[in-house]
Amino acid sequence: MDFATNLHRSGRGEQARRLLETVREHHPASQDRQYASVELVMLLHRSQDTRDVAEADRITAELLRPGHLGEGPAEVLGDSLRELERWDGALRCFNIAARQLLAEPPEDLADENDLSLSPLVSRLLARMKLGLPHDAHDEVALAVAERQAEGALGLPYEEEGWPEEDGPGREVEALYSREAFDGARARGLLTGEGAEHGADAYYRAAERSLRQRDREHPGTLRSVALHGVEAVAEFAERSGLDPADDDTVRDWVDLELTADDPRLRSWPPGRNEPCWCGSGRKYKKCCGSPSNR
């Protein structure tokens, strides 16, 4: 499905459509069919052909049958319907995406991270657009939205340098940039299943790791540093270290990376902001997609 997105972006929309239709027909799992269906709906809605739009509406109605749509695909479909300003359908999707959260008392959601609560924020927007009164879960979503707005206006690190030891915990994930990815892999500096399957798989694996650590240590401020091969290689040579060793990269972050380094990107970005991985796609449709959980 990532390949289908790349095909469409490169102007090969018909090939992308055939690929998504094939995944729908020969899906490995039911949710794969749903994700492919949602991507196909989005592709068809971009067409000016009335038949394509009608087909998109037919697939959407099929997905919205009661008990049919999973939480992850529902969130992606809801985002698509929101962009089309089809708020009734978007709200149905976000209610499905937030199903487990809505089953919990609002006061029990205080320890959840903001990324986990994003379906509630989307649900809040749809309810506001439809003129519905706030409920208790909307209040939780409002608090998340306020924190995200404050984070978007702030800096990921203190202007005067790294934080004091008694300040909030901060963590930097250092990863090779897209431009450096092939060179790093060719030099044996990247290993693991994510690296073997290309840059998108590498960044999505990193995103899952970041989410897991965020669940285990909520409240830690996190950033990503996308770096090149030579930066770490030169540091390793000066220090007598192995550039392929993860500890070397961590030492490079601690000793060489400054608080105002332009390679630092706050994580997670806003859902509609560019993805931290440098793909050019929105975070919600790239590493931040519900399909990457």
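Residues numbered from 1 in each chain as written. Predicted model: local features only at pLDDT ≥ 70, side-chain atom pairs only at ≥ 80, totals over all residues. Heavy atoms only, no water.

This next bit is on helix α10 (residues 178-186). Considered for burial, the residues of α10 that qualify are A180, F181 and A184. All buried residues of α10 project into a common sector of 125 degrees when viewed along the axis, lining one side. Those residues of α10 that are exposed and aimed more than 90 degrees away from the buried face are E179, D182 and A186. Remark: G188 follows α10 within two positions and exhibits a positive phi of approximately 75 degrees. (Buried < 20%, exposed > 50% of the residue type's maximum accessible area, 1.4 Å probe, protein only. Helix = DSSP H or I, 4+ residues; strand = E, 2+ residues; numbered from the N terminus. Arc of directions from axis to C-beta.)

This part is about the sheet that holds strand β3 (residues 264-267). Sheet strands pair by backbone hydrogen bonding; their relative direction is either parallel or antiparallel. One open sheet holds the three strands; their spatial order is β1-β2-β3, and the pairing between them is mixed. The open sheet has two free edges, formed respectively by β1 (170-176) and β3, since each of these has just one partner strand. Pairwise comparison of adjacent strand axes, ignoring direction, gives a mean angle of 30 degrees for this sheet. Helix α12 (residues 199-216) rests against β1, β2 (221-227) and β3 of the sheet, and its axis sits at about 170 degrees to β1. (Pairing = 2+ DSSP bridges. Axes fitted to C-alpha atoms, helices over the stretch in contact; angles between N-to-C directions. Contact = heavy atoms within 4.5 Å.)

What follows covers the nonpolar core. In terms of nonpolar packing, the biggest core is built from 34 residues, with L175, Y176, Y203, W276 and C287 touching the most fellow members. At the level of secondary structure, the elements contributing two or more residues to this core comprise β1, α10, α12, β2, α13 (229-239), α14 (246-256) and β3. Beyond its immediate stretch of four places on either side in the chain, Y203 contacts L175, Y176, S177, R178, L226, W276, C277 and C287. Ranked by size, the runner-up nonpolar core spans 30 residues in total, among them L40, V41, L91 and I96. (Core = buried A, V, L, I, M, F, W, Y, C linked by side-chain atoms within 4.5 Å.)

Counting across every chain of the model gives 29 salt bridges. The residue E21 makes a salt bridge to R17 at a minimum N-O spacing of 3.1 Å. Taken together, the positions of E21 and R17, both in helix α2 (residues 13-25) and four residues apart, correspond to about one turn of that helix. For the salt bridge of R213 with E171, the shortest nitrogen-to-oxygen distance reads 2.7 Å. Taken together, the positions of R213 in helix α12 and E171 in strand β1 put the pair 42 residues apart, joining distant regions of the chain. What makes E171 partly exposed here is its relative accessible area of 27%. Linked through salt bridges whose partners overlap, the residues forming this network are R24, R33, E55, R58 and E62. (Salt bridge = Lys/Arg side-chain N within 4 Å of Asp/Glu carboxyl O.)

Here α2 crosses helix α3 (residues 30-45) at 155 degrees, and the two axes come no closer than 8 Å. Taken together, the axes of α2 and α3 lie roughly antiparallel to each other. At the point where α2 passes α3, the crossing takes the left-handed sense. Across the interface between the two elements, G13, A16, R17, L20, E21, V23 and R24 from α2 touch D32, R33, A36, S37, E39, L40, L43 and L44 from α3. In terms of residue class, the contact of α2 with α3 is made up of seven nonpolar, two polar and six charged. (Parallel < 35°, antiparallel > 145°, perpendicular 65-115°, else oblique. Left-handed = near helix turned anticlockwise from the far one by under 90°. Nonpolar A, V, L, I, M, F, W, Y, C, P; charged D, E, K, R; others polar.)

Moving on, we come to the pairing of β1. Among the seven residues that make up β1, five are buried, leaving the element largely enclosed by the rest of the structure. Here seven bridges tie β1 to β2, and the two strands are oriented parallel to one another. Each bridged residue has a counterpart across the sheet, and for E173 the counterpart in β2 is V224.

On to the confidence of the model for the protein, then. When the pLDDT values of the protein are averaged, the result is 84; 90% of them are 70 or greater. Considering only residues more than four positions removed or in separate chains, one finds that residues 152-168, a stretch of pLDDT under 50, has 22 contacts. (pLDDT = per-residue confidence, 0-100.)

Here we come to the packing of aromatic side chains. Across all of its chains, the model carries three aromatic pairs by this definition. Ring centres of Y202 and Y203 lie 5.1 Å apart, and the angle between their planes is 55 degrees; this geometry places the pair in the tilted category. An aromatic cluster of three or more residues is present, and its members are F181, Y202, Y203 and W276. (Phe/Tyr/Trp six-rings, centres within 6.5 Å; stacked < 30°, edge-to-face > 60°.)

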